[in-house]
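Understanding the architecture of this molecule
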2 protein chains.
Amino acid sequence: MDKLTTNDAVALLRRAGVPVTVQRLEIARVLFSRPLHVSADQVLAMARENAPETSRATVYNTLKLFREKKLVKELIVDPERVVYDSNTHPHYHLYDINTGELTDVSAEELRVVGVPRLPEGVELEQVDVIIRVRGKAVSEAA
Amino acid sequence: MDKLTTNDAVALLRRAGVPVTVQRLEIARVLFSRPLHVSADQVLAMARENAPETSRATVYNTLKLFREKKLVKELIVDPERVVYDSNTHPHYHLYDINTGELTDVSAEELRVVGVPRLPEGVELEQVDVIIRVRGKAVSEAA
DNA sequence: GTACTTGCAAATTGTTTGCAGACAC
DNA sequence: GTGTCTGCAAACAATTTGCAAGTAC
């Protein structure tokens, strides 16, 4: 609900080396007020609440920029759409195939043992773990 | 190169409870002659080598059917396209962001420790681990 | 004959692109 | 003034859908 103050958002962008604009500010305030899993379209909708003139293309541009600057992580979890995660600390995910719900699994809780040594010249970008579950007994008789 | 015999492919489909048709046979022969990572379009191209009248829609239908029957696994690794894996044994993947190359990591090599207990009604579908790397020093001076 | 499959082409959807105007410094 | 952003609309690509004809038993 309560978003980042404009000042905090400006500071955050500057620190990351992202030139500040009105739209980027609003998108940052949407994303970084709390850890969030959102699609580009959801970001657009949320940004437009406060900055109605924001365009879809700008959201895509901004999300790409934020990813380059390591402000968000892209989650490739659903073939339909990319999900952006504003939590960039190492952690993993639990994904409900039926509902599309995405839940964090902390890196303390879950460990990946035995990541193979990489050939020289190849560097690790990130390790994704997605625990796919189906269930939540898609309410039949409600 | 050498594909499954028609008899073997028929047996394989029957065992999985998939009604046999010419197209499904050819797609099965393409997929199950060896462990493979392929996109729908690649399957189409490979199937058309022997069965040129195969349509794109049929390939999508068949891949979806094969997935339901657990004959292939869907890998959500690249936002652009779904990759089908004809190796359904538990294993994980290493993905080169630059080249798109996808490599298996065996379940002996890599272990996921601490998968959280699931609420009742929720059942585990599969655990995906994708080690994303960038590198292979995209040949500059070749 | 009945039910399932197929091929085709059109529709859909997330994302990207080209470009002209707006903005920042 | 120059270079960076933005909005818009058109372009794109993977996948899905509707439907009429084809096939299997």
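Here goes a summary of the coordinates provided. Small disclaimer: the values here were computed from a predicted structure and weren't measured. (Residues numbered from 1 in each chain as written. Chains lettered and ligands numbered in written order. Predicted model: local features only at pLDDT ≥ 70, side-chain atom pairs only at ≥ 80, totals over all residues. Heavy atoms only, no water.)

Some words on the relation of the copies chain A and chain B
Note the cut-off: The copies were overlaid by least squares, fitting only the C-alpha atoms of residues that reach a pLDDT of 70 or more in each copy. We call two residues in contact when some of their heavy atoms are within 4.5 Å.
Between chain A and chain B, the superposition needs a rotation of 180° and an axial shift of 0.0 Å, giving an RMSD of 0.1 Å. The operation mapping one copy onto its partner corresponds to a two-fold rotation axis. Comparing interface residues between copies, 100% of those in chain A also lie at the interface in chain B; the contact surface is shared.

Remarks on the interface of chain A and chain B
Counted only if it meets this: Here's the idea: put two parts together, see how much 1.4 Å probe accessible area each one loses, and the total over both is what we call buried area. Each polar contact in these results corresponds to two N or O atoms within 3.5 Å; when the atoms are within protein, one needs to be able to donate a hydrogen and the other to accept it, and residues that are neighboring in sequence are counted only if both atoms are side-chain atoms.
Opposite the 34 residues of chain A that make contact, chain B presents 34 residues. Carbon and sulfur atoms make up 63% of the surface buried where chain A meets chain B, a total of about 2800 Å² over both sides. A per-residue breakdown of the area chain A buries against chain B is headed by Ile76, Arg132 and Arg134 of chain A, which together make up 21% of the total. Our enumeration of links across chain A and chain B arrives at 14 residue pairs in polar contact (both at pLDDT 80 or more).

Here we look at the packing of aromatic side chains
Residues and elements named next belong to chain A. Keep this limit in mind: Aromatic contacts are taken between Phe, Tyr and Trp rings whose centres are within 6.5 Å, Trp giving its six-membered ring; a plane angle under 30 degrees counts as stacked, one over 60 as edge-to-face, and the others as tilted. By the criteria applied, helices consist of DSSP H or I runs no shorter than four residues and strands consist of E runs no shorter than two, each listed in order from the N terminus. Using a 1.4 Å probe on the protein chains alone, a residue whose accessible area is under 20% of its type maximum counts as buried, one over 50% counts as exposed, and one in between counts as partly exposed.
The tally for this structure, following the rule as stated, stands at two aromatic pairs over all chains. Where Phe32 meets Phe66, the ring centres are 5.8 Å apart and the plane angle is 35°; that geometry is what we call tilted. Placement of Phe32 in helix α2 (residues 22-32) and of Phe66 in helix α4 (residues 56-68) is noted, with a sequence separation of 34 residues between them. As far as the burial class goes, Phe32 and Phe66 line up, both buried.

Focus: the protein's contact with DNA strand D
Our working definition: Only a single heavy atom is needed: when it lies within 4 Å of a molecule or strand, its residue is near that molecule or strand.
Near DNA strand D, the surroundings consist of 16 residues, among which Thr21, Gln23, Glu53 and Thr58 of chain A together with Tyr60 of chain B are the closest. The sugar-phosphate backbone supplies 84% of the atoms of DNA strand D found within 4 Å of the protein. Thr58 of chain A is positioned such that a nitrogen or oxygen atom in its side chain is 2.5 Å from a phosphate oxygen of DNA strand D. In the environment of DNA strand D, a phosphate oxygen lies 2.6 Å from a nitrogen or oxygen atom belonging to the side chain of Tyr60 of chain B.

Let's talk about the protein's contact with DNA strand C
To be explicit about the condition: Each residue receives one of three labels: charged for Asp, Glu, Lys and Arg, nonpolar for Ala, Val, Leu, Ile, Met, Phe, Trp, Tyr, Cys and Pro, and polar for the others, Gly being one of them.
The full set close to DNA strand C counts 16 residues, and Tyr60 and Glu80 of chain A together with Thr21, Glu53 and Thr58 of chain B are the nearest of them. Sugar plus phosphate: this is where 84% of the atoms of DNA strand C within 4 Å of the protein reside. Glu80 of chain A is positioned such that a nitrogen or oxygen atom in its backbone is 3.5 Å from a sugar or linking oxygen of DNA strand C. Contacts to DNA strand C include Val82 of chain A, whose backbone N or O atom sits 2.9 Å from a phosphate oxygen. The element best represented in the surface near DNA strand C is α4 of chain A, accounting for three residues. Here the residues of the surface near DNA strand C are counted per class, giving six nonpolar, five polar and five charged.

Quick notes on the packing of helix α2 (residues 22-32) of chain B against helix α3 (residues 40-50) of chain B
Residues and elements named next belong to chain B. Inclusion rule: Note on method: axes are straight lines fitted to C-alpha atoms, helices fitted across the in-contact stretch only, with angles between N-to-C directions ranging 0 to 180 degrees. Take the far helix as the reference: if the near one is turned anticlockwise from it by less than a right angle, the crossing is left-handed, and if turned clockwise, right-handed.
Close contact between α2 and α3 brings their axes to 9 Å; oriented N to C, the two are set at 115°. In this structure, the crossing between α2 and α3 has a hand that is right-handed. Judged by residue contacts, Glu26, Ile27, Arg29, Val30 and Leu31 of α2 engage Val43, Met46, Ala47 and Asn50 from α3. Here the residues of the contact of α2 with α3 sort into six nonpolar, one polar and two charged.

Observations concerning the pattern of salt bridges
All names here are of chain A. Using the following cut-off: Salt bridge, as used here, is a side-chain nitrogen of Lys or Arg placed within 4 Å of a carboxyl oxygen of Asp or Glu.
All chains considered together, the criterion is met by 14 salt bridges over all chains. Ionic pairing is found between Arg56 and Asp41, a salt bridge with its closest N-O pair at 3.4 Å. You can see Arg56 sitting in helix α4 and its partner Asp41 sitting in helix α3 (residues 40-50), a full 15 residues away along the chain. Arg56 gets classed as partly exposed once you look at its relative accessible area, which sits at 41%. Exposure remark for Asp41: the relative accessible area of 41% places this residue in the partly exposed category.

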